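# Understanding the architecture of this molecule
One letter stands for each residue in the lines below.
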Amino acid sequence: MFDTQLFKDNLNTSWLGHNFFYFEELGSTNTYAKSLNKADSLQGSLVLADKQSKGRGQYERNWESDPGENLTFSLILEPGSADRLTILTLAFSLAVADVCEVQLKSSAKLKWPNDVLVEGKKIGGLLTEAIFNGSALERLIIGIGLNVNQKVFSSGLKDNATSLSILTKEDYSREKLLTAILTKAEFYYRLWLKKDIELIKSINKRLIGYGTWVKLDINGCKKEGEFKFLGINENGALVVLNKDLEVDTFSYEQIRIYPV
Ligand code: BTN
């Protein structure tokens, strides 16, 4: 079971994760975070469950995670505007990747739009959801699943999923890993608020395919030809160079990137 006291004793953020909702079991931490009544500010709140019975992933998929082995949690942010959300999600992916990399010999990469991969396999995933009150952003929920101590994945996942424990043959304190992720996330959130270009550079360096020729699938349709992937720009749009050496940017499309 997650040791909430050990987590609190190790937490050294200024605000992120201080308001903590812990559950042994929940449908989904994202769904719970969305359902909270907004009497007071929820900025920085953390919702964590040892077991999710209805963990959700991107594209309406399920998020599978063995109870008590991994990290499944959601962070609530109230940035006031829904601009540059792609950058914010990638900033939190970067926090997860940084913390993984400290434990590993291999590098942890970001796969557009918000997966964390090690040695070509997925170790973590993020699901960002926004709640609006009319046209105003009320809150953002950044849901994070990180595979920590799980040794075996179901047959549908085993070829594409990994965990820290599979990669190093060690077991990890989930409480300490989480405090390290929150420290990094708080730092990157500050860079994001300041529109600091260093954040964009750090994200781009970690994106799989950055600076290489890739194939693109846009809104479910394969695009003809190859594109040089130039990463994200300061607005969070995805930038590519087409074969006529013109720059194309994509802001709202669902894009998948395939290395060639
Ligand atoms: C993905 O890669 O498809 C995103 C996975 C996001 C999973 C996390 S686990 C905690 C939070 N609660 C959920 O229901 N989903 C996110």
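Right above here is the structure, for reference.
Presented here is a report on the structure given in the accompanying data block.

Conventions used here
Per chain, residues are indexed from 1 in the order of the written sequence. Per-residue local features are limited, in this predicted model, to residues with pLDDT of at least 70; the limit for side-chain atom pairs, both in listing and counting, is 80 or more; totals at the level of whole chains, interfaces and linings are taken over all residues. Here the side-chain values reflect all heavy atoms present in the structure, with hydrogen atoms and water set aside. Each residue gets one of three labels from its accessible area relative to the maximum for its type: buried under 20%, exposed over 50%, partly exposed in between, using a 1.4 Å probe on protein chains only. Here a helix means four or more residues in a row that DSSP labels H or I, a strand means two or more in a row labelled E, and each is numbered from the N terminus. For two strands to be treated as a pair, DSSP must find at least two bridges joining them. Each salt bridge in this description consists of a side-chain nitrogen of Lys or Arg and a carboxyl oxygen of Asp or Glu lying within 4 Å of one another. For this purpose, a residue is taken to be near a molecule or strand whenever a single non-hydrogen atom of the residue falls within 4 Å of it. Side-chain atoms alone can form a polar contact between residues adjacent in sequence; in general such a contact is a pair of N or O atoms within 3.5 Å, and within protein one must be able to donate a hydrogen while the other accepts it. In this analysis an axis means a line fitted to C-alpha atoms, helices contributing only their contacting stretch, and an angle means the value between N-to-C directions, from 0 to 180 degrees. Any two residues having at least one pair of non-hydrogen atoms within 4.5 Å are treated as being in contact.

### Concerning the pairing of strand β5 (residues 115-118)
The two faces of β5 match: D115 and L117 on one face and V116 and V118 on the other face are all buried. As paired elements, strand β4 (residues 108-111) and β5 share 4 bridges and run antiparallel to each other. Across the sheet, residue K111 finds its bridge partner in β5, namely D115. Hairpin connection, β4 to β5: the antiparallel pair is bridged by 3 residues. The turn linking β5 back onto strand β6 (residues 121-133) is made up of 2 residues, and E119 within it adopts a positive phi angle of 50°.

### Digging into the pattern of salt bridges
Considering all chains together, one arrives at 12 salt bridges under this definition. Measuring nitrogen to oxygen at the nearest pair gives 3.9 Å for the salt bridge that ties K51 to E25. Residue K51 is found in strand β2 (residues 46-52), and its partner E25 is found in strand β1 (residues 20-26); the two are separated by 26 residues along the sequence. Put simply, D98 and R206 hold a salt bridge, and the shortest N to O gap is 2.7 Å. Taken together, the positions of D98 in helix α3 (residues 85-103) and R206 in helix α6 (residues 197-206) put the pair 108 residues apart, joining distant regions of the chain. By the burial criterion, D98 is buried, and R206 matches it. When salt bridges that share partners are traced, they join D98, E101, K184 and R206 into one network.

### A look at the site of the ligand
Looking at the ligand, there are 20 residues lining it, with S28, Q52, R56, Q58 and K122 nearest. At a separation of 3.0 Å, a nitrogen atom of the ligand approaches a polar side-chain atom of T29. Within the contact set of the ligand, an oxygen atom lies 2.5 Å away from a side-chain nitrogen or oxygen of K122. Broken down by secondary-structure element, the contributors of at least two residues to the shell around the ligand are α2 (29-35), β3 (71-77), β6 and β7 (136-146). Ranked by residues supplied to the shell around the ligand, first place goes to β6 with 4 residues.

### A word on the sheet that holds β5
Taken in spatial order, the 7 strands line up as β1-β2-β3-β7-β6-β5-β4 in an open sheet, and their pairing is mixed. Lying at the two open borders of the sheet, with one neighbouring strand each, are β1 and β4. Neighbouring strand axes in the sheet, compared pairwise and without regard to direction, differ in orientation by 20° on average. Relative to β6, β5 is paired through 4 bridges, and the arrangement is antiparallel. Along β6, the bridge assignment pairs V116 with G124. On top of the sheet, α3 reaches β3, β4, β5, β6 and β7; it is set at about 25° to β7, its chief contact.

Don't take any of this as a statement about function, it's just geometry.
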